[in-house]
Amino acid sequence: MITPSVRQLFRETKDYLDREIAVCGWVRTVRDSRTFGFIELNDGTFFRNLQVVFDNRLANFEDVARLNVGASLRVKGLLVSTPQAKQPFELKAGEVEVEGASTPDFPLQKKRHSFEFLREIAHLRTRTNTFSAVFRVRSLAAQAIHNFFQERGFIWVHTPIVTASDCEGAGEMFRVTTLDPLSPPLDSRGQVDYTQDFFGRQANLTVSGQLNVETFCMAFQKVYTFGPTFRAENSNTARHAAEFWMIEPEIAFADLQDNMRLAEDMVKHLIGSILEKAPEEMEFFNRMIDPGLLDRLQRVAEARFEKITYTEAIGILEKAPVSFEFPAEWGKDLQTEHERYLSEKVFQKPVFVTDYPKTIKAFYMRLNDDDRTVAAMDLLVPGVGEIIGGSQREERYDVLRQRIEEMGLNPEDYGWYLDLRKFGGCRHAGYGLGFERAIMYLTGMGNIRDVIPFPRTVKTIHF
RNA sequence: UCCUGAGUAGCUCAAUGGCAGAGCAUCCGGCUGUUAACCGGAGGGUUGUAGGUUCGAGUCCUACCUCAGGAGCCA
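Residues numbered from 1 in each chain as written. Chains lettered and ligands numbered in written order. Predicted model: local features only at pLDDT ≥ 70, side-chain atom pairs only at ≥ 80, totals over all residues. Heavy atoms only, no water.

Draft legend 1. Just unusual backbone geometry, in detail. Phi is positive for aspartate 18, close to 60 degrees, though the residue is something other than glycine. The phi torsion at glutamine 348 lies on the positive side, around 55 degrees, for a residue other than glycine. Relative to the helices and strands, glutamine 348 is located in the loop between α10 (336-346) and β13 (351-357). (Helix = DSSP H or I, 4+ residues; strand = E, 2+ residues; numbered from the N terminus.)

What follows is the structure, given as structure tokens:
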């Protein structure tokens, strides 16, 4: 007997109608009367459920009618068309085999649950409509990003997770060590002796693959990373996690304009791909999570992203007819309230802000001719805020070395990075896309903890 | 880390300092086409923790814990 997925039933209905089939899945709800009943069966392949009809001709009718939500079943029967009903077809069960029963205390009910509650049962929340949709979109988005870069000849580089560079300046890092925390070996000055540690020196989890991937950029021209990243910041917001995934493309013989073009093309490709491949999920997000989502995404797919310089942004903010808690001031970083105002009120679409003061940006960003700004760009999107941060990189050896020193860093720690400028360095640029923030933007989900399977945040590492 | 708010039944929430409740879920019964099915009934509580004020505290006070929203840091 053929065992099609529920996705196949919905997508290629004609192939299965009026045929005997078997379907495996999990019970979302059971409704029964004296002699018959209905099961909503979800098999994980499709957003919608398959309706199973069963009656007392089943040998185990009583057991089936009393099934608890969450049970896993294998149902054999005839797939019939139901043109007058809410669902296009249903499975008339000839045999229902209970693979795994559930119990009355299955936590998921046939009602809306708060996301806070569902986070406490992350091992079960995948069986809800929302998380079924979120994680299918997440999977599709990851593939869409790979497709985008691979189609354009980019090389995917697996930059290291464990790194010895502890001065990338991107945030607090998690220490990686095999030393005994209760009695670490000490050196002659009473400090922890890391020469006896596994790597012979301090090691950390990566906060960015950028410096490493630049080496590949100088050999392959077009490269990207896509992998996990770790930040030990004590951040308690809906947009931060200690473990998240990041995509970091890096392109050679390219400047900031090329960089922004790439970022815009990528975001548009991503949106188009998800709208095409997950229409049911996106329609659900639009209806239940974020009314207006589809309109907004479709407009973005067509619009040109706005581009303004930091200096222009400050000008707009200074003239803004609203009072900010912190007034915008040239030389200071944009506050969240400023970014929201720009993307949500002024432009109402994604906007690149470029050319920030060098004092508030990283050492590797290319110094502009004005000597006070760098060729940086942040992409701000309505609802989520900063989704991409990038720059043209400083390719001039002397300037880079001087910037490292200006920022109080030690050039010796950046020997191999400086080498790239010494041996055939060239113009190049890149950016980092927060994968989870992209998923939030695509789905309208408001909390990063709800777009990561098992989120790691401050004081939280369940599951 | 800072600011604000919240913690009461499995879930979502009520309860003027005076008998701790509802809807949903669960269990039992009914129902021949349901769609978060419907109808009837039942069970279900150390009110986050520890102190304090009071004749009396879910309610007021203090500390702590947890969660949420906002901010900072950033992707």
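The discussion continues.
Draft legend 2. Inspection of the packing of helix α4 (residues 129-151) against helix α6 (residues 256-277) at higher detail. Running from N to C, α4 and α6 cross one another at 135 degrees; their axes reach a closest spacing of 9 Å. Judged by the inter-axis angle, α4 sits oblique to α6. Between α4 and α6 lies a crossing of right-handed hand. Packed against α4, whose contacting residues are Val137, Leu140, Ala141, Ala144, Ile145, Asn147, Phe148, Phe149 and Glu151, the element α6 presents Leu262, Asp265, Met266, His269, Leu270, Ser273, Ile274 and Lys277 at the interface. In terms of residue class, the contact of α4 with α6 is made up of eleven nonpolar, three polar and three charged. (Axes fitted to C-alpha atoms, helices over the stretch in contact; angles between N-to-C directions. Parallel < 35°, antiparallel > 145°, perpendicular 65-115°, else oblique. Left-handed = near helix turned anticlockwise from the far one by under 90°. Contact = heavy atoms within 4.5 Å. Nonpolar A, V, L, I, M, F, W, Y, C, P; charged D, E, K, R; others polar.)

Draft legend 3. Representation of the pairing of β13. Counting buried residues in β13 gives six out of seven residues, a clear majority hidden from the surface. Looking at chain direction, strand β12 (residues 306-309) and β13 are connected through four bridges and run parallel. Bridging from a neighbouring strand, threonine 309 pairs with threonine 354 of β13. Pairing of β13 with strand β14 (residues 373-381) involves six bridges; the strand directions are antiparallel. Residue pairing for β14: tyrosine 356 is matched across the bridge by valine 374. (Buried < 20%, exposed > 50% of the residue type's maximum accessible area, 1.4 Å probe, protein only. Pairing = 2+ DSSP bridges.)

Draft legend 4. A look at the protein's contact with RNA strand B. The environment of RNA strand B is made up of 49 residues, and the closest members are Arg34, Ser235, Thr237, His240 and Arg437. Within 4 Å of the protein, the contacting atoms of RNA strand B are 51% sugar and phosphate, with bases supplying the remainder. The contact in question runs from a phosphate oxygen of RNA strand B to an N or O atom on the side chain of threonine 336, over 2.6 Å. For the surface near RNA strand B, the secondary-structure elements that each account for two or more residues are β1 (20-32), β2 (36-42), β5 (89-100), α3 (115-120), β11 (243-252), β15 (385-392) and β16 (428-434). The class makeup of the residues in the surface near RNA strand B is eleven nonpolar, 20 polar and 18 charged. (Near = heavy atom within 4 Å. Polar contact = N/O pair within 3.5 Å; in protein donor to acceptor, adjacent residues only side chain to side chain.)

Draft legend 5. Just the sheet that holds strand β10 (residues 222-230), in detail. Pairing is mixed across the open sheet formed by eight strands, whose spatial order is β6-β10-β11-β16-β15-β14-β13-β12. Each edge of the open sheet carries a strand with a single partner, namely β6 (155-156) and β12. In this sheet, β15 lies alongside β14 in antiparallel orientation, the contact comprising six bridges. Residue pairing across strands places methionine 377 opposite glycine 390, the latter belonging to β15.

Draft legend 6. Structural detail: the pattern of salt bridges. In total, this model carries 27 salt bridges according to the counting rule given. Among the ionic pairs, glutamate 264 bridges to lysine 268, the shortest N-O distance being 2.8 Å. Placement of both glutamate 264 and lysine 268 in helix α6 is noted, with a separation of four residues, approximately one turn of the helix. Taken as a pair, glutamate 264 and lysine 268 share a single burial class, namely buried. In this structure, arginine 296 and aspartate 290 form a salt bridge, with 2.7 Å as the shortest nitrogen-oxygen distance. Taken together, the shared-partner salt bridges in this structure form one network comprising Glu214, Glu250, Arg393 and Arg421. (Salt bridge = Lys/Arg side-chain N within 4 Å of Asp/Glu carboxyl O.)

Draft legend 7. Representation of the packing of aromatic side chains. All chains considered together, the criterion is met by 26 aromatic pairs. Ring geometry for phenylalanine 47 and phenylalanine 284: centres 4.8 Å apart, planes at 50 degrees, overall tilted. A residue pair is termed long-range when its members are at least 10 positions apart, and phenylalanine 47 in the loop between β2 and β3 (50-55) and phenylalanine 284 in helix α7 (residues 279-289) qualify at 237 residues. Of the residues examined, phenylalanine 284 reaches a relative accessible area of 6% and is grouped as buried. Ring centres of phenylalanine 154 and tyrosine 224 lie 6.5 Å apart, and the angle between their planes is 65 degrees; this geometry places the pair in the edge-to-face category. Here the residue phenylalanine 154 occupies a position in the loop between α4 and β6, and tyrosine 224 occupies one in strand β10, the gap between them amounting to 70 residues. Take phenylalanine 154: its relative accessible area is 4%, and that puts it in the buried class. Taken together, the aromatic side chains of Phe148, Phe149, Phe154, Trp156 and Tyr224 make up a single cluster linked through ring pairs. The lysine or arginine in question, arginine 372, covers the ring of tryptophan 330, its NZ or CZ lying 4.0 Å from the ring centre. Its guanidinium or amino end placed over the ring of tyrosine 417, arginine 421 lies 4.1 Å from that ring's centre, counting from NZ or CZ. (Phe/Tyr/Trp six-rings, centres within 6.5 Å; stacked < 30°, edge-to-face > 60°. Lys NZ or Arg CZ within 6 Å of the ring centre and 35° of its normal.)

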